[in-house]
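Below are the chains, spelled out letter by letter.
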Amino acid sequence: MDPEKCEGHARCYGLVPELFNVDDYGLSTVVGDGTVPVGLEAKARLAIANCPEYAIEEIAG
Amino acid sequence: MARTPAVHGWDTDFDVLDAGYIADPFRIWDELRKACPVAHSDRRGSTWLPTRYEDVVDLAHDVEHFSSLEVAVIPFDGEEPEDPVLLYGLPPISSDPPLHTSTRRLLLPWFSHRRVKGYEALTRELCATLIDGFKANGRADAAVDYAQQIPARVIAHILGVPPTLAGTFTGWVRDVLEFADDPERRAHGIEGLLTFFTEEVAHRRTEPGDDLLSELLHAEVDGAPVEESVVLGMAALVLIAGVDTTWSAIGSSLWHLATHSDDRARLVAEPSLMPTAIEELLRAYSPVTMARVVTGDVEFEGCPMKAGDRVLMNFPAANRDPEAFADPDQVVLDRALNRHVAFGSGIHRCAGSNLARMELRIALEEWLARIPEFYLSDDAEVTWAGGQVRGPRILPVVFP
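Bear in mind the structure is a predicted one, so any value in this text is a computation, not a measurement. (Residues numbered from 1 in each chain as written. Chains lettered and ligands numbered in written order. Predicted model: local features only at pLDDT ≥ 70, side-chain atom pairs only at ≥ 80, totals over all residues. Heavy atoms only, no water.)

Student: Looking at this model, I keep getting lost on the sheet that holds strand β10 (residues 310-313) of chain B. Mind explaining?
Tutor: Each strand in a sheet pairs with its neighbour through backbone hydrogen bonds, running either in the same direction (parallel) or in the opposite one (antiparallel). Residues and elements named next belong to chain B. Overall, mixed pairing links the five strands, which are arranged β1-β2-β10-β7-β3 in an open sheet. Where the open sheet ends on each side, the last strands, each with one partner, are β1 (38-41) and β3 (66-67). Here strand β2 (residues 47-50) pairs with β10 via two bridges, running parallel. Paired with Thr47 across the bridge in β10 is Arg310. Taken strand by strand, helix α3 (residues 53-61) contacts β1, β2, β3 and β10, and its axis lies near 120° from that of β10. (Pairing = 2+ DSSP bridges. Helix = DSSP H or I, 4+ residues; strand = E, 2+ residues; numbered from the N terminus. Contact = heavy atoms within 4.5 Å. Axes fitted to C-alpha atoms, helices over the stretch in contact; angles between N-to-C directions.)

Student: I would appreciate a short explanation of the pattern of salt bridges in the present structure.
Tutor: Side chains carrying opposite charge are able to pair once their charged atoms draw close together. All names here are of chain B. Under the definition given, this model contains 34 salt bridges over all chains. A salt bridge links Asp244 to Arg393; its shortest N-O distance comes to 3.4 Å. Taken together, the positions of Asp244 in helix α12 (residues 228-259) and Arg393 in strand β13 (residues 391-394) put the pair 149 residues apart, joining distant regions of the chain. Relative accessible area serves as the criterion here: at 6%, Arg393 is assigned to the buried category. One salt bridge in this structure joins Glu366 and Arg370, with 2.5 Å as the shortest N-O distance. Taken as a pair, Glu366 and Arg370 lie in helix α16 (residues 353-370) at a separation of four residues, close to a single helical turn. Overall, the relative accessible area of 9% leaves Glu366 in the buried class. Through salt bridges with shared partners, one network takes in Glu120, Arg124, Asp132, Arg361, Glu365, Glu366 and Arg370. (Salt bridge = Lys/Arg side-chain N within 4 Å of Asp/Glu carboxyl O. Buried < 20%, exposed > 50% of the residue type's maximum accessible area, 1.4 Å probe, protein only.)

Student: Before we go on, may I ask you to explain the packing of aromatic side chains in this structure?
Tutor: We describe a pair of aromatic rings using the distance from one ring centre to the other and the angle between the two ring planes. Considering all chains together, one arrives at 17 aromatic pairs over all chains under this definition. On the basis of an interplanar angle of 75° and a centroid distance of 5.4 Å, the ring pair of B:Trp255 and B:Trp384 is categorised as edge-to-face. Separated by 129 residues along the polypeptide, B:Trp255 in helix α12 and B:Trp384 in strand β12 (residues 383-385) bring together distant segments of the chain. A centroid spacing of 6.2 Å and a plane angle of 90° characterise the contact between B:Trp367 and B:Phe399, whose relative ring orientation is edge-to-face. You can see B:Trp367 sitting in helix α16 and its partner B:Phe399 sitting in the segment after β14 (396-398), a full 32 residues away along the chain. Each member of the pair, B:Trp367 as well as B:Phe399, carries the same accessibility label: buried. Grouped by ring-pair contacts, the aromatic residues B:Phe134, B:Tyr146, B:Trp367, B:Phe374 and B:Phe399 constitute a single cluster. Geometry around A:Tyr25 places B:Arg105 over its ring, the cationic atom sitting 3.9 Å from the centre. Of note, B:Arg320 hangs over the ring of B:Tyr285, and the distance from its end group to the ring centre comes to 5.6 Å. (Phe/Tyr/Trp six-rings, centres within 6.5 Å; stacked < 30°, edge-to-face > 60°. Lys NZ or Arg CZ within 6 Å of the ring centre and 35° of its normal.)

Student: Before we go on, may I ask you to explain the nonpolar core in this structure?
Tutor: Residues and elements named next belong to chain B. Counting residues in hydrophobic clusters, the biggest one holds 93 residues, and the most contacted among them are Tyr146, Trp367 and Phe374. For this core, the leading source of residues is α12, giving 18 residues. Beyond its immediate chain neighbours, meaning those up to four positions away, Phe374 contacts Leu254, Leu257, Ala258, Arg264, Trp367, Leu368, Val397, Val398 and Phe399. Residues Trp48, Val288, Phe300 and Val341 belong to the second largest nonpolar core, which totals 22 residues. (Core = buried A, V, L, I, M, F, W, Y, C linked by side-chain atoms within 4.5 Å.)

Student: Mind showing me how you'd approach the interface of chain A and chain B here?
Tutor: Interfaces are often described in size by the accessible area the parts lose on coming together. Counting residues at the interface gives 20 residues for chain A, matched by 26 residues for chain B. Buried surface at the junction of chain A and chain B, both sides included, amounts to about 1,900 Å², of which 50% is carbon and sulfur. When residues of chain A are sorted by the area they lose upon contact with chain B, A:Arg11, A:Asp24 and A:Tyr25 head the list and together hold 32% of the total. Taken together, the links from chain A to chain B amount to two salt bridges. Note that B:Arg114 is salt-bridged to A:Asp24, the shortest N-O span being 2.7 Å. (Buried area = accessible area lost by both parts, 1.4 Å probe.)

Printed below as a string of structure tokens:
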């Protein structure tokens, strides 16, 4: 998650609260170190594909 | 709304208040995207109309060349008051940094996910009560009797003013946004809002409550209190931006479900689709167009924009761009790739987006739970408003 790009749309948190936190100003961060648990890959990609600011990136582990 | 002269070519003479444009802007945007993606018009001052997703997003992010000091789609055509109360307009929406940054920071926590969750029960009860009021009739005006009734009451709660004022609020906001081409109505709406908030502010200086107005009055920025002119502008903004917009989104979504039985039935059968369905309805029927003012002569996509020109932030057209969305005119309730910009893009992202989204979701959930099957009673009776905010204003539906 790139905090410079995030503008607080909170689309990621709204769609996939399991993987994202959001603060009172709307800025989102990944839960923990951002590692996506097995089974939540599709949801993680849904969050990426809904960010209007291209602030979330998938990093292969 | 006043009748406007016939448009002589959408690329050089567009008119966002043209009746045909308001009813169906989608075909016009499709044609423009292919031939002249940034249209121009001199009808209400030199104004540009981008239609591509990429262009709208680029414009929204370039706050240096495209200022938010004027965000009204229809420029005010009446006499400016000699002694204006709102020295800074309606910050943060009508401001650039640094005033934008400080006022936005004051406002955002009131519309955070956490706070908005606290307004959910009230919204749900309100929606349920409204439906109970007309369900037995077998028919209702989904715009007037339902959509229009919801946001003004929720906003009244946040501002700490009586919900009985909701109808008055709606009248002022429509004067300002929907009848913006009528200087008298626009001035009337602004005056109503300002007189009201000036009195509310005076009252809260002596008797502060647990509400947004009271907090703004007692807030500090860099150790100094917020100027009253700024507080009044922010209060007016919350009302103006939080009523017509959300009501239009609720109305358009109900129009879609009334006219697309397959989507309606699917959403009833699969309520888990609601989160993506909400985003998809917001994309397909984005209500809000904003404006920017060009700060200095600049060329954008080959267009010679002059200082003082207006550029319309055509978020609704961006969201129908086939370059950004597969089958953009198709509503796909589980659309996965959906970077829509219904709430804008960049630093002016709608501060109330969490609230709007919650109201839309609850309004649809409560409606579908009680009225799972409904249809337009007569397509010809439906009317739409457009310009700054597009949505149905009369929407008669029947249900068995």
